[in-house]
Amino acid sequence: MGMLLRVLVVAGLVIDAVVHWRFAPDMAFVEGGSIEGDTLFRLQAAVAAVSAVLVAVRPRRWTYAVAFVVAATAVGALLLYLWVDVGVLGPLPDMHDPVWYGEKTWSLVGEGVAALAALGGVFLPRAERQGASRHAEAV
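The model shown is predicted, which means the values in this text are computed figures rather than measured ones.

K.L.:
Can you break down the environment of Glu-111 residue by residue, with the values?
P.N.:
Here Glu-111 is to be found in helix H4 (residues 102-123). Given a relative accessible area of 1%, Glu-111 falls into the buried group. Sequence separation of Glu-111 and Phe-68 is 43 residues, and the distance between their C-alpha atoms is 9.0 Å. Not counting chain neighbours up to four residues away, the residues in contact with Glu-111 comprise Gly-12, Asp-16, His-20, Ala-71, Ala-74, Val-75 and Leu-78. Here Ser-107 takes part through its side chain, which lies 2.7 Å from a polar atom of the side chain of Glu-111.

Shown next as structure tokens:
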């Protein structure tokens, strides 16, 4: 079970990172806030990628917790900006995008799977998490 959760978290975060990285140039024209949209998308891609590497290399309770926060907040942001036009939010630009397209589906599925699997990893017994880690090192 530990290995399956690990793979799901890493795969979901990689999908999240790839989608955000690919769409970053399109977000350069988003107005408002002191952080530009493309910078925000590149930051999300980098944070998702680093979180994926952390879980892949060190499947510990704290790395799963970090992955959960990254993935769950990404799901929340996607859904918030889909349904609500909150405007400029502090340093964040107005990211409202009420249009649904395939890449949003990929992003939502990847982030959702990663969040749920990471939550499972947080509560997985330590012996099972370490067993998955030892199995990976033996291979």
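So, next bit.
K.L.:
Let's hear about the packing of aromatic side chains: which residues, and what values?
P.N.:
Overall, the coordinates contain one aromatic pair when judged by the stated rule. Relative to Tyr-101, the ring of Phe-23 has its centre 5.8 Å away and its plane inclined at 25°; by these criteria the two rings are stacked. With Phe-23 in helix H1 (residues 2-23) and Tyr-101 in the loop between helix H3 (61-83) and H4, the pair connects residues that are 78 residues apart, well separated along the chain. Judged by relative accessible area, Phe-23 falls into the buried class, the value being 16%. The side chain of Arg-42 reaches across the aromatic face of Trp-21, ending 5.7 Å from its centre.

K.L.:
I'd like to hear about the side chain of Asp-16, residue by residue, with values.
P.N.:
Tracing the backbone through its elements, the reader meets Asp-16 in helix H1. No salt bridge is formed by the buried Asp-16; the nearest opposite charge belongs to Arg-22, separated by 12 Å. Filtering out sequence-adjacent residues up to four positions away, Asp-16 remains in contact with Gln-44, Ala-48, Ala-74, Ser-107 and Glu-111.

Reading the values: the criteria
Residues numbered from 1 in each chain as written. Predicted model: local features only at pLDDT ≥ 70, side-chain atom pairs only at ≥ 80, totals over all residues. Heavy atoms only, no water. Helix = DSSP H or I, 4+ residues; strand = E, 2+ residues; numbered from the N terminus. Buried < 20%, exposed > 50% of the residue type's maximum accessible area, 1.4 Å probe, protein only. Contact = heavy atoms within 4.5 Å. Polar contact = N/O pair within 3.5 Å; in protein donor to acceptor, adjacent residues only side chain to side chain. Phe/Tyr/Trp six-rings, centres within 6.5 Å; stacked < 30°, edge-to-face > 60°. Lys NZ or Arg CZ within 6 Å of the ring centre and 35° of its normal. Lys, Arg positive; Asp, Glu negative; His and termini not counted. Salt bridge = Lys/Arg side-chain N within 4 Å of Asp/Glu carboxyl O.

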